[in-house]
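Below, each chain spelled out in residue letters.
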Amino acid sequence: GHPLDLTGRHIVVSAGGTREALDPVRFLGNRSSGLQGYALARAAVARGAKVTLVSANVALDDPAGASVVRVESARDMREAVLGLYGVADAIVMAAAVADFRPSARSDSKIKKTSGEPDPIFLTKNPDILAELGARRRAEAHEGFGPVIVGFAAETHDILANGKAKLERKGCDLLVVNEVGENLAFGTPDNAAVILSSDGTSTEVHRGPKEALAHVVLDLVGARLV
Ligand code: C5P
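Rules used in this analysis
Residues numbered from 1 in each chain as written. Predicted model: local features only at pLDDT ≥ 70, side-chain atom pairs only at ≥ 80, totals over all residues. Heavy atoms only, no water. Helix = DSSP H or I, 4+ residues; strand = E, 2+ residues; numbered from the N terminus. Rg over C-alpha atoms; globule rule 2.2 N^0.38 Å. Buried < 20%, exposed > 50% of the residue type's maximum accessible area, 1.4 Å probe, protein only. UniProt positions renumbered as here; feature names shortened; annotations may be inferred. Contact = heavy atoms within 4.5 Å. Polar contact = N/O pair within 3.5 Å; in protein donor to acceptor, adjacent residues only side chain to side chain. Axes fitted to C-alpha atoms, helices over the stretch in contact; angles between N-to-C directions. Parallel < 35°, antiparallel > 145°, perpendicular 65-115°, else oblique. Left-handed = near helix turned anticlockwise from the far one by under 90°. Salt bridge = Lys/Arg side-chain N within 4 Å of Asp/Glu carboxyl O. Pairing = 2+ DSSP bridges. Near = heavy atom within 4 Å. Areas by Shrake-Rupley, 256 points an atom, 1.4 Å probe, with all protein chains shown as cover. Core = buried A, V, L, I, M, F, W, Y, C linked by side-chain atoms within 4.5 Å.

This paragraph deals with the overall build of the chain. Each helix and strand in the chain was counted, giving five helices and twelve strands. Computed over the C-alpha atoms, the radius of gyration of the chain is 18 Å, within 12% of the 17 Å expected from 2.2 N^0.38 for a compact globule of 225 residues. In terms of overall dimensions, the chain has C-alpha extents of about 65 × 35 × 35 Å along its principal axes. Looking at the chain as a whole, 44% of its 225 residues are labelled buried.

Once that is clear, we can look at the UniProt feature "binding site: CTP" (unreviewed entry) in the chain. Under the UniProt annotation, the feature "binding site: CTP" (unreviewed entry) is placed at Asp99, Lys109, Pro126, Asp127, Ile128, Leu129, Phe151, Lys165 and Lys169. A maximum C-alpha distance of 38.3 Å shows the annotated residues, which cover 71 residues in sequence, to be distributed over more than one spot. With respect to the element layout, lysine 169 can be found in helix 4 (residues 158–169). In this structure lysine 169 comes out as buried when scored by relative accessible area, which is 16%. In this view, lysine 169 contacts Asp127, Leu129, Ala130, Gly133 and Ala134; residues no more than four positions away in its chain are not counted. In this structure the side chain of lysine 169 is engaged in a polar contact, spanning 2.7 Å, whose partner is the side chain of aspartate 127.

Our next topic: the packing of helix 1 (residues 35–46) against helix 5 (residues 209–223). A pair of packed helices can be characterised by two numbers: the angle between their axes and the separation between those axes. With their axes 8 Å apart at the nearest point, helix 1 and helix 5 run at an angle of 60 degrees to one another. The pairing of helix 1 with helix 5 is recorded here as oblique in orientation. In the crossing of helix 1 with helix 5, the sense of the turn from one axis to the other is right-handed. Note on element contacts: helix 5 touches helix 1 through Lys209, Glu210, Leu212, Ala213, His214, Val216 and Leu217, opposite Leu35, Gln36, Ala39, Leu40, Arg42, Ala43 and Ala44.

Another point: the pattern of salt bridges. Applying the stated criterion across every chain, the model contains 13 salt bridges. Linking arginine 42 and glutamate 210 is a salt bridge whose minimum nitrogen-to-oxygen distance equals 3.0 Å. Of the two residues, arginine 42 sits in helix 1 while glutamate 210 sits in helix 5, which places them 168 residues apart along the sequence. Residue arginine 42 is classed as partly exposed on the basis of its relative accessible area, which comes to 40%. With relative accessibility at 29%, the residue glutamate 210 sits in the partly exposed group. Arginine 105 is the salt-bridge partner of aspartate 107, the closest N and O atoms lying 3.9 Å from each other.

By the criterion of burial, strand 4 (residues 50–56) is predominantly enclosed, with six of the seven residues buried. As paired elements, strand 1 (residues 10–16) and strand 4 share seven bridges and run parallel to each other. For isoleucine 11, the partnering residue across the bridge sits in strand 4 and is valine 51. Examined bridge by bridge, strand 4 and strand 5 (residues 66–71) share six bridges and lie parallel to one another.

Attention now moves to the site of the ligand. In the region of the ligand, 13 residues are neighbours, and Met93, Ala95, Pro126, Leu129 and Lys165 sit closest. In the environment of the ligand, an oxygen atom lies 2.7 Å from a nitrogen or oxygen atom belonging to the backbone of methionine 93. Relative to its free-state accessible area of 450 Å², the ligand is covered by the protein chains to the extent of 86%. Breaking the shell around the ligand down by element, the ones donating at least two residues are helix 3 (128–140), strand 9 (147–154) and helix 4.

The biggest cluster of nonpolar side chains holds 32 residues, and the ones touching the most others in it are Leu40, Val149, Val175, Val216 and Val220. Sorting the residues of this core by element identifies strand 1, helix 1, strand 4, strand 6 (90–93), strand 9, strand 10 (173–178), strand 11 (189–196) and helix 5 as the ones contributing at least two each. At six residues, the largest contribution of residues to this core is made by helix 1. Among residues more than four places away in sequence, those in contact with valine 149 are Ile91, Val92, Met93, Leu129, Leu173, Val175, Val216 and Val220. Counting residues in each nonpolar core, the second largest holds 26 residues, with Val12, Ile91, Leu174 and Leu195 among its members.

Structure representation (structure tokens):
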């Protein structure tokens, strides 16, 4: 990566994990720390980009120089991210977005009852990355649209599963995290294979999330004309 090579570019990064409310005090969530997304935002700022960080439930300091939009649920995140589609040169979806949300949200705190508790029914959330990918592909022939980057965590058949996901989601780049062995969630280190829609792949060995962030931005930068 070259210093200030992203000057004049607007990079949107999503980070953290969405929360899907059950009632005013309870939610379904996940263990995403936001570290990788925040590292991406810091790296993009360091390279001169204007950065908007769409942050879901992260307990980290705001990266200096980035503008932070706070969201809670997948639907909040969808609204924020799609709203930035037209101004972004790249959108990097590093957030862990809940695939499902409770079908109903109670307006008051759900009470403990003496009998059996009620079951929780789930409804599918929108797949933000797939929506971005579909929109990007519809516009790509006109030369428009931001570079779309997705993340995936795979434990086995990383290349085969990753390639299938890249195509299914229609993104330009897919960062496939190697999970297990104390990697990813909540740790400062990451290891990944970055798959590109042009068929190439880039292996990033275990190292700080900041280092992976810079490789992702190298590949994004190479796609910006
Ligand atoms: O399908 P999977 O959850 O493995 O895909 C992960 C990627 O898709 C991440 O980039 C994540 O931010 C994005 N995603 C999304 N909307 C969802 C689920 C995942 O944008 N509802």
